[in-house]
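Each chain, written out:
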Amino acid sequence: MMRLRRSHLICCAASKEKMAAHLSYGRVNLNILREAARKELREFLDKCAGSKAIVWDEYLTGPFGLIAQYSLLKEHEVEKMFTLKNGRLPPADVKNIIFFVRPRLELMDIIADNITSEDRHHSSRDFHILFVPRRSMLCEQRLKEQGVLASFINIDEYILDLIPYDGDLLSMEYESAFRECYLENDQTSLYHTAKGLMTLQALYGTIPQIYGKGECARLVANMMLRMKREFAGSQNQILPVFDTLLLLDRNVDLLTPLATQLTYEGLIDEIYGISNGYVKLPPEKFAQKKQGEGSKDLPTEPKKLQLNSAEELYAEIRDKNFNAVGAALSKKAKIISAAFEERHNAKTVGEIKQFVSQLPHMQAARSSLANHTSIAELIKDITTSEAFFDNLTVEQEFMTGVDTDKVNTYIEDCIAQKDPLIKILRLVCMQSVCNNGLKHKVMDYYKREILQTYGYEHMLTLNNLEKAGLLKPQTGSRNNYPTIRKTLKLWMEDANEQNPNDISYVYSGYSPLSIRLTQILARPGWRSIEEVLKMLPGPHFEERQQLPSGLHKKRQQGENRTTLVFFLGGVTYAEIAALRFLSQVEDSGMEYVIATTKLINGTTWIKSLMDRPESPTQ
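Residues numbered from 1 in each chain as written. Predicted model: local features only at pLDDT ≥ 70, side-chain atom pairs only at ≥ 80, totals over all residues. Heavy atoms only, no water.

(A) Spatial organisation of the packing of aromatic side chains. Tallying each qualifying case throughout the model produces 16 aromatic pairs. For the ring pair tyrosine 204 and phenylalanine 242, a centre distance of 6.0 Å and an interplane angle of 70 degrees mean the geometry is edge-to-face. One end of the pair, tyrosine 204, is in helix 9 (residues 188-204); the other, phenylalanine 242, is in the loop between helix 10 (215-230) and strand 9 (244-249), with 38 residues separating them in the sequence. For phenylalanine 242, a relative accessible area of 2% gives the class buried. For the ring pair tyrosine 211 and tryptophan 526, a centre distance of 6.4 Å and an interplane angle of 70 degrees mean the geometry is edge-to-face. Placement of the pair is tyrosine 211 in strand 8 (residues 209-213) and tryptophan 526 in the loop between helix 22 (513-522) and helix 23 (530-535), with a sequence separation of 315 residues. Taken together, Phe44, Trp56, Phe64, Phe100 and Tyr158 form an aromatic cluster joined through their ring pairs. Arginine 218 extends its terminal NZ or CZ atom over the ring of phenylalanine 541, reaching a point 4.1 Å from the ring centre. Sitting over the ring of phenylalanine 340, arginine 366 keeps its end group 4.0 Å from the ring centre. (Phe/Tyr/Trp six-rings, centres within 6.5 Å; stacked < 30°, edge-to-face > 60°. Helix = DSSP H or I, 4+ residues; strand = E, 2+ residues; numbered from the N terminus. Buried < 20%, exposed > 50% of the residue type's maximum accessible area, 1.4 Å probe, protein only. Lys NZ or Arg CZ within 6 Å of the ring centre and 35° of its normal.)

(B) Quick look at the pattern of salt bridges. Per the stated rule, a full pass over the model turns up 31 salt bridges. Here lysine 332 makes a salt bridge to glutamate 312, at a shortest N to O gap of 3.7 Å. Placement of the pair is lysine 332 in helix 14 (residues 325-341) and glutamate 312 in helix 13 (residues 312-317), with a sequence separation of 20 residues. In this structure, glutamate 542 engages arginine 544 in a salt bridge whose closest nitrogen and oxygen atoms are separated by 3.4 Å. Given a relative accessible area of 37%, glutamate 542 falls into the partly exposed group. Each of the salt bridges in this network shares a partner with another, and the network as a whole consists of Asp166, Asp168, Glu265, Arg318, Asp319 and Arg580. (Salt bridge = Lys/Arg side-chain N within 4 Å of Asp/Glu carboxyl O.)

(C) Representation of the pairing of strand 1 (residues 52-56) within the structure. Across the five residues of strand 1, five count as buried, placing the element largely inside the fold. The two faces of strand 1 match: Lys52, Ile54 and Trp56 on one face and Ala53 and Val55 on the other face are all buried. Note that strand 1 and strand 2 (residues 78-83) share five bridges and pair parallel. Note on strand 2: the bridge partner recorded for isoleucine 54 is methionine 81. Judged from the five bridges that link them, strand 1 and strand 3 (residues 96-101) form a sheet pairing that is parallel. What sits directly across from isoleucine 54, in strand 3, is isoleucine 98. (Pairing = 2+ DSSP bridges.)

(D) Representation of the domain arrangement of the protein within the structure. Each assigned domain of the protein is listed here: domain 1 (48-159), domain 2 (161-255 + 513-608), domain 3 (264-282 + 303-384) and domain 4 (387-479). Put simply, the middle of domain 1 and the middle of domain 4, counted by C-alpha atoms, are 44 Å apart. (Domains from an automatic or database assignment.)

(E) The arrangement of the sheet that holds strand 1 in detail. Spatial strand order, 2-1-3-4-5: five strands in an open sheet with parallel pairing. Two strands bound the open sheet, and with one partner strand each, they are strand 2 and strand 5 (152-157). Ignoring strand direction, the axes of neighbouring strands in this sheet form an average angle of 20 degrees. Relative to strand 4 (residues 126-131), strand 3 is paired through six bridges, and the arrangement is parallel. Counted as the bridge partner of phenylalanine 99 is isoleucine 129 from strand 4. (Axes fitted to C-alpha atoms, helices over the stretch in contact; angles between N-to-C directions.)

(F) Highlighting the side chain of threonine 256. Among the secondary structure elements, threonine 256 is positioned in helix 11 (residues 255-258). A distance of 2.7 Å separates a polar atom in the side chain of threonine 256 from a polar atom in the side chain of tyrosine 510. Aside from chain neighbours lying at most four places away, what touches threonine 256 is Arg250, Tyr507, Tyr510, Pro512, Leu513, Thr572 and Glu575. (Polar contact = N/O pair within 3.5 Å; in protein donor to acceptor, adjacent residues only side chain to side chain. Contact = heavy atoms within 4.5 Å.)

(G) A look at the packing of helix 16 (residues 386-399) against helix 18 (residues 421-434). Contact geometry of helix 16 with helix 18 gives a least axis separation of 9 Å together with a crossing angle of 20 degrees. With respect to helix 18, the axis of helix 16 lies roughly parallel. As for the relative orientation of helix 16 and helix 18, their crossing is left-handed in sense. Across the interface between the two elements, Asn391, Val394, Glu395, Phe398 and Met399 of helix 16 pack against Lys423, Leu427, Met430, Gln431 and Cys434 of helix 18. Counted by class, the contact of helix 16 with helix 18 contains six nonpolar, two polar and two charged residues. (Parallel < 35°, antiparallel > 145°, perpendicular 65-115°, else oblique. Left-handed = near helix turned anticlockwise from the far one by under 90°. Nonpolar A, V, L, I, M, F, W, Y, C, P; charged D, E, K, R; others polar.)

(H) Region of interest: the environment of leucine 536. Tracing the backbone shows leucine 536 in the loop between helix 23 and strand 13 (540-544). Overall, leucine 536 belongs to the buried group, its relative accessible area being 6%. In this structure, the C-alpha to C-alpha distance between leucine 536 and glutamate 497, residues 39 residues apart in sequence, is 29 Å.

(I) Up close: the nonpolar core. One finds Leu73, Phe100, Leu247, Leu470 and Leu517 to be the most contacted residues of the largest nonpolar core, which totals 169 residues. Here this core gets 10 residues from one element, more than from any other, and that element is helix 18. Val94, Met108, Phe131 and Val148 belong to the second largest nonpolar core, which has 23 residues in total. (Core = buried A, V, L, I, M, F, W, Y, C linked by side-chain atoms within 4.5 Å.)

(J) The arrangement of the sheet that holds strand 14 (residues 561-568) in detail. A sheet is described by the order of its strands in space; here seven strands give the open sequence 6-7-15-14-9-8-13, paired in mixed fashion. At either margin of the open sheet sits one strand with a lone partner, and together these are strand 6 (163-166) and strand 13. The sheet shows a mean angle of 20 degrees between the axes of neighbouring strands, direction not considered. Inspection of the sheet shows strand 6 paired to strand 7 (residues 169-171) by three bridges, in the antiparallel sense. The residue bridging proline 164 from the neighbouring strand is leucine 170, located in strand 7. Contacting strand 7, strand 9 and strand 14, helix 9 crosses the sheet at an angle of about 160 degrees to strand 14. Each of strand 6, strand 7, strand 14 and strand 15 (590-596) is contacted by helix 24 (residues 573-584), which is oriented at about 160 degrees to strand 15, the strand it contacts most.

(K) Expanded view of a negative patch on the surface. Together, Asp46, Glu77, Glu79 and Asp93 give the surface a local cluster of negative charge. Mapped onto the elements of the fold, glutamate 79 is located in strand 2. (Patch = residues over 30% accessible without salt bridge, like charges linked within 9 Å, V, L, I, M, F, W, Y side chains within 5 Å. Areas by Shrake-Rupley, 256 points an atom, 1.4 Å probe, with all protein chains shown as cover. Lys, Arg positive; Asp, Glu negative; His and termini not counted. Charge placed at Lys NZ, Arg CZ, Asp CG, Glu CD.)

(L) Just the side chain of asparagine 408, in detail. Mapping asparagine 408 onto the fold places it in the loop between helix 16 and helix 17 (409-416). Of note is the side chain of asparagine 408, whose polar atom sits 2.9 Å from the backbone nitrogen of tyrosine 410. In this structure the side chain of asparagine 408 is engaged in a polar contact, spanning 3.1 Å, whose partner is the backbone nitrogen of isoleucine 411. Setting aside residues no more than four positions away along its own chain, asparagine 408 makes contact with Val394, Phe398, Gln431 and Tyr446.

(M) Representation of helix 17. Among the residues of helix 17, Tyr410, Ile411, Cys414 and Ile415 are the ones counted as buried. Burial along helix 17 is one-sided: seen end-on, the buried residues are contained in an arc of 135 degrees. Those residues of helix 17 that are exposed and angled more than 90 degrees off the buried face are Thr409 and Ala416. Those residues of helix 17 that are buried lie in contact with helix 16, helix 18 and helix 19 (440-454). Where helix 17 begins, the side chain of asparagine 408 points an oxygen toward the backbone nitrogen of tyrosine 410, at a separation of 2.9 Å. In the segment just after helix 17, lysine 418 is the residue with positive phi, at about 55 degrees. (Arc of directions from axis to C-beta.)

Encoded structure:
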């Protein structure tokens, strides 16, 4: 069994304060949420008196890293950490073994295996289990069947619903939420969402106005209102921080995640994948070559970087269209070298002292610039390639309604060249969404080509995509997409990428439908687009929550309103960038905080809907 590197769990014990500080810079201090989560964690650890080893469900290590550093665990006598795996637990001279796990039946079998192997060797140890985010009767039943339920001193739940990722961003990191809602008709993730929103209201006050669009949005709002009635007596007396909650179903806008994101952060995620605020990059670009040395000792481990607004430069460039990043980096380079040149002007002791005091900040800025210059070069190698350009051209043709009703020759060629299947699926689904379904003969052709080229096991995936509404045969109804595109101005010719004046810059011309709906809700209101809303799936609604008397906000002159936009089923970094853009528009009068079940891109989203039949055991 592999020992879990402590650094893997939480890499930045040293930057603990810095990491939390950026959560409180925004309009809403999200550090309050993080602190509440840390407090509950400390209380649980203190229940298990004595030395401890934590056995982690590996999926939880990333999200937990955003809540608590190893130093916090150490303060509460956590001495060892392991990854949950079959077989015997590694040796650890501790009194308590605590399993931190999601409520999944397959994990219960592994825990049972751990405990039965353990019992024969260490009968004096205490076992505890912490379910994240909820306890599960089914899991406890499975442990009982395996004969180990009685071994646990504490069985508890740790309600980690919404995790603060940045000063304006919360995610549940519930990767199967979209799949559960649209393929399996399972509303568990919606219940967790409603619970998470209740936690948020307990900390930040009741949200007076709720708007929503989509079936899942309606269900979440209903659950919240029911929970509120159940806790009617225990209303908190907190002045509301949020004015409005907007609940949006991902299936109201299936197009946006399929498109290639063109912001700096979006492209990092598309190409390398951002996981729990970290990205792993090819190491060659980051090697520090000393003069006169060859490249004989190039690092082989991927370069792991943390990405959030605590880093000044990243906060400045992450939401820019990638074509505007080069100019921003060279401008920054000039500022930094000018700052270093200042040392020649420092004559007096006071001036020298002042320069020295600024040195650590300047060196951090220089190293940050070097990192982002390297990342930008890596991305540029891809975005300037012919393959990238061809793919983008076809995406933009679909978005503008060009030839969406016939077999696309570029997709045919990609299948013939056996390009990655996910690339093909993203394009075919995009064509289907922009055409309100594909003609039967076009659909059958694509399916046949995909199955013959990539294997018949992908029949299940194609069925899933169909069930989720991403890939569907055309029915008699007319294609509403052109009307929606024109009415909501989803395509802007000549989008200004350098100095944007509209959200369409995040996709170089395409304005994400989800964000256009958010923008119109703020001004002039959804009544102005009633007809279009009816064309989009699911109901749209508005609810009011009564505030305890005396808690109505007295708005100051020029004070912005704050809206929490909750994406049910996932949100992309490009959509987040578009909302940040709207928050910064001078006269918008609105600031946005973003919450989601999962941070996604087209690839991770399609992957979550893919199925492979279980391979028969040999």
